[in-house]
Amino acid sequence: MTSLLEIKQYLKIFYSRYDIYLIPAIKFLLAFFAFLFMNGQIGFMEKVSSPAISLLLALLCSFLPVNMTAVFGGLLLCAHAFALSLETFAVTVGILFIMYAVYFRVAPGQGYVLVLTPLAFFLKIPHVLPLVLGLTGGPVCAVPLACGTVCYYLMYYMKNNEKMLSSSETEKMAERLLYLVENVLNNRNMLLTILVFAVTLMIVYLIRRMSVDYSWYVAICAGAVSNVVLFLIGGLVMKASVSIGFVVLGTLVGVLVALIVEFFALSVDYSRTEYTQFEDDEYYYYVKAVPKMSIAVSEKKVKRINSRRRSTRRRR
């Protein structure tokens, strides 16, 4: 345990010293992989599917606010939709306009969540998000989480229905437009995922804010169980196709990641909990103080001895 606390302290010191370089690097990697995965999944427009375009946009995003990564991702999505068909482009623009209007109104400071959500779906670890966001964020994170889920399912639908959506028969344009709107917005799997993720996030958030001992661990366990149970019940009620094995495995990965986040974000010593009480003219206050685990890291100083000076002195 001591070695882990030392590693944690070293990482904090390293980040505090080099955050001016680390933050742009993190933005660059996040944007680059997000654009790369998007172009790999729906690379309908070859001109913007080049890795060079992803690299250039990622370099721009490294010096811009993280919300610009989401904006550039939306523009790429619209470009690929336009290359697929005019109807797909119209529906994509409409969905993104409504989604971004809600996002920038409610949760403009949660750009990382909006970018990470489709990326987590591509990596097959989406169940990590509600557990981690419930620990580190709040209810407002449910909005970008839902928006990112919509983006992923929109790309997933475009990829799996490429032939039907790219058909050039004029008499079927209106039919394809209605079919696209109905299947994207009324996708049962998407609606179920948004609902379960939001409820799981709220359960984890409410429990971890309680003043009981080990509330973060209880929140992780409760969130993991609720995530699996809600997907199982929701799949039966909404008649959605849910892979329980994938949900269970993804939830276990989410628990592991959440425990790692808990260690770096909290790591408190409940054995040294203190209780205090004070008052003012109107209220009595009862305070529970739990100290964080910390360890002093000794800085090693290396003293350099110039061998040339010593040799010249000896000669004299």
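Residues numbered from 1 in each chain as written. Predicted model: local features only at pLDDT ≥ 70, side-chain atom pairs only at ≥ 80, totals over all residues. Heavy atoms only, no water.

Attention now moves to the overall build of the protein. The helix and strand tally for the protein stands at 13 helices and two strands. Looking at the protein as shown, the accessible area adds up to about 19,000 Å², and 64% of this sits on carbon and sulfur atoms. (Helix = DSSP H or I, 4+ residues; strand = E, 2+ residues; numbered from the N terminus. Areas by Shrake-Rupley, 256 points an atom, 1.4 Å probe, with all protein chains shown as cover.)

Turning our attention to the packing of helix 6 (residues 128-136) against helix 10 (residues 188-208). The N-to-C vectors of helix 6 and helix 10 enclose an angle of 35 degrees; their axes lie 8 Å apart at closest approach. For the pair helix 6 and helix 10, the sense of crossing is right-handed. Residue-level contacts link Pro 130, Leu 131, Leu 133, Gly 134, Leu 135 and Thr 136 of helix 6 to Phe 197, Thr 200, Leu 201, Val 204, Tyr 205 and Arg 208 of helix 10. Split into classes, the residues belonging to the contact of helix 6 with helix 10 amount to eight nonpolar, three polar and one charged. (Axes fitted to C-alpha atoms, helices over the stretch in contact; angles between N-to-C directions. Left-handed = near helix turned anticlockwise from the far one by under 90°. Contact = heavy atoms within 4.5 Å. Nonpolar A, V, L, I, M, F, W, Y, C, P; charged D, E, K, R; others polar.)

This part covers the packing of aromatic side chains. Applying the stated criterion across every chain, the model contains 18 aromatic pairs. Relative to Phe 104, the ring of Tyr 100 has its centre 6.0 Å away and its plane inclined at 75 degrees; by these criteria the two rings are edge-to-face. You can see Tyr 100 and its partner Phe 104 sitting in helix 4 (residues 86-106), four residues apart, about one turn around the helix. An aromatic cluster of at least three residues, connected via ring pairs, comprises Phe 37, Phe 121, Phe 122, Tyr 152, Tyr 153, Tyr 156, Phe 197 and Phe 231. (Phe/Tyr/Trp six-rings, centres within 6.5 Å; stacked < 30°, edge-to-face > 60°.)

All right, on to the pattern of salt bridges then. By the definition in use, this model includes one salt bridge. A salt bridge links Asp 213 to Lys 288; its shortest N-O distance comes to 2.7 Å. Of this pair, Asp 213 sits in the loop between helix 10 and helix 11 (215-238) while Lys 288 sits in strand 2 (residues 284-289); the two residues are 75 residues apart in sequence, bridging distant segments of the chain. When its relative accessible area of 35% is taken as the criterion, Asp 213 is described as partly exposed. (Salt bridge = Lys/Arg side-chain N within 4 Å of Asp/Glu carboxyl O. Buried < 20%, exposed > 50% of the residue type's maximum accessible area, 1.4 Å probe, protein only.)

Quick look at the environment of Ile 244 now. Secondary-structure assignment places Ile 244 in helix 12 (residues 244-265). C-alpha of Ile 244 to C-alpha of Phe 231: the two residues are 13 residues apart in sequence and 7.8 Å apart in space.

Here we come to helix 2 (residues 51-61). Of the positions making up helix 2, those classed as buried are Ser 54, Leu 57, Ala 58 and Cys 61. Taken around the axis of helix 2, the buried residues stretch over an arc of 105 degrees, which confines them to a single face. The inward-facing, buried residues of helix 2 contact helix 1 (2-41) and helix 3 (67-84). (Arc of directions from axis to C-beta.)

Right, let's get into the nonpolar core. Counting residues in hydrophobic clusters, the biggest one holds 59 residues, and the most contacted among them are Phe 35, Ile 42, Leu 77, Met 99, Leu 133, Leu 145 and Met 158. If you tally residues by element for this core, the top one is helix 7 (residues 142-160), at 10 residues. Excluding anything up to four places from it in sequence, Met 99 contacts Cys 147, Val 150 and Cys 151. Ranked by size, the runner-up nonpolar core spans 13 residues in total, among them Leu 135, Val 204, Ala 224 and Tyr 270. (Core = buried A, V, L, I, M, F, W, Y, C linked by side-chain atoms within 4.5 Å.)

The next subject is the side chain of Thr 88. Its location among the elements puts Thr 88 in helix 4. A residue is classified by how much of its surface remains accessible, and Thr 88, at 1% relative accessible area, is buried. The contact partners of Thr 88, leaving out residues within four places of it in the chain, are Ala 81, Met 158, Leu 165 and Leu 180.

What follows concerns the environment of Gly 73. Tracing the sequence through the fold places Gly 73 in helix 3. Remark: the alpha-carbon pair of Gly 73 and Ser 54, spanning 19 residues in sequence, is separated by 9.9 Å. In contact with Gly 73, other than residues within four places in its own chain, are Phe 35 and Met 38.

Quick look at the packing of helix 10 against helix 11 now. Geometry of a packed helix pair, given as the angle between the helix axes and the separation of the axes. The N-to-C vectors of helix 10 and helix 11 enclose an angle of 155 degrees; their axes lie 8 Å apart at closest approach. Classed by the angle they form, the pair helix 10 and helix 11 counts as roughly antiparallel. The hand of the helix 10/helix 11 crossing is right-handed. Among the residues forming the contact of helix 10 with helix 11, the class breakdown is 15 nonpolar, eight polar and two charged. (Parallel < 35°, antiparallel > 145°, perpendicular 65-115°, else oblique.)

The next point concerns the pairing of strand 1 (residues 274-279). In terms of residue burial, strand 1 counts as a barely covered element, since only zero of its six residues are buried. Looking at chain direction, strand 1 and strand 2 are connected through six bridges and run antiparallel. Within strand 2, the position partnered with Glu 274 by the bridge is Ala 289. Counted between consecutive antiparallel strands, the loop separating strand 1 from strand 2 contains four residues. (Pairing = 2+ DSSP bridges.)

Take helix 11 next. Here helix 11 contains 24 residues, and its C-alpha end-to-end distance of 32 Å stays within 8% of the 34 Å for a straight helix at 1.5 Å per residue. Along helix 11, the positions that sit buried rather than exposed are Ser 215, Trp 216, Ala 219, Ile 220, Gly 223, Ala 224, Ser 226, Asn 227, Phe 231, Gly 234 and Gly 235. Along its buried surface, helix 11 packs onto helix 6, helix 10 and helix 12. A positive phi of about 55 degrees marks Lys 239, the residue just after helix 11. (Expected span 1.5 Å × (residues − 1).)

On to unusual backbone geometry. The residue Lys 124 is not glycine, and still its phi comes out positive at about 65 degrees. Positionally, Lys 124 belongs in the loop between helix 5 (111-122) and helix 6. The residue Tyr 214 is not glycine, and still its phi comes out positive at about 55 degrees. Mapped onto the secondary structure, Tyr 214 falls in the loop between helix 10 and helix 11.

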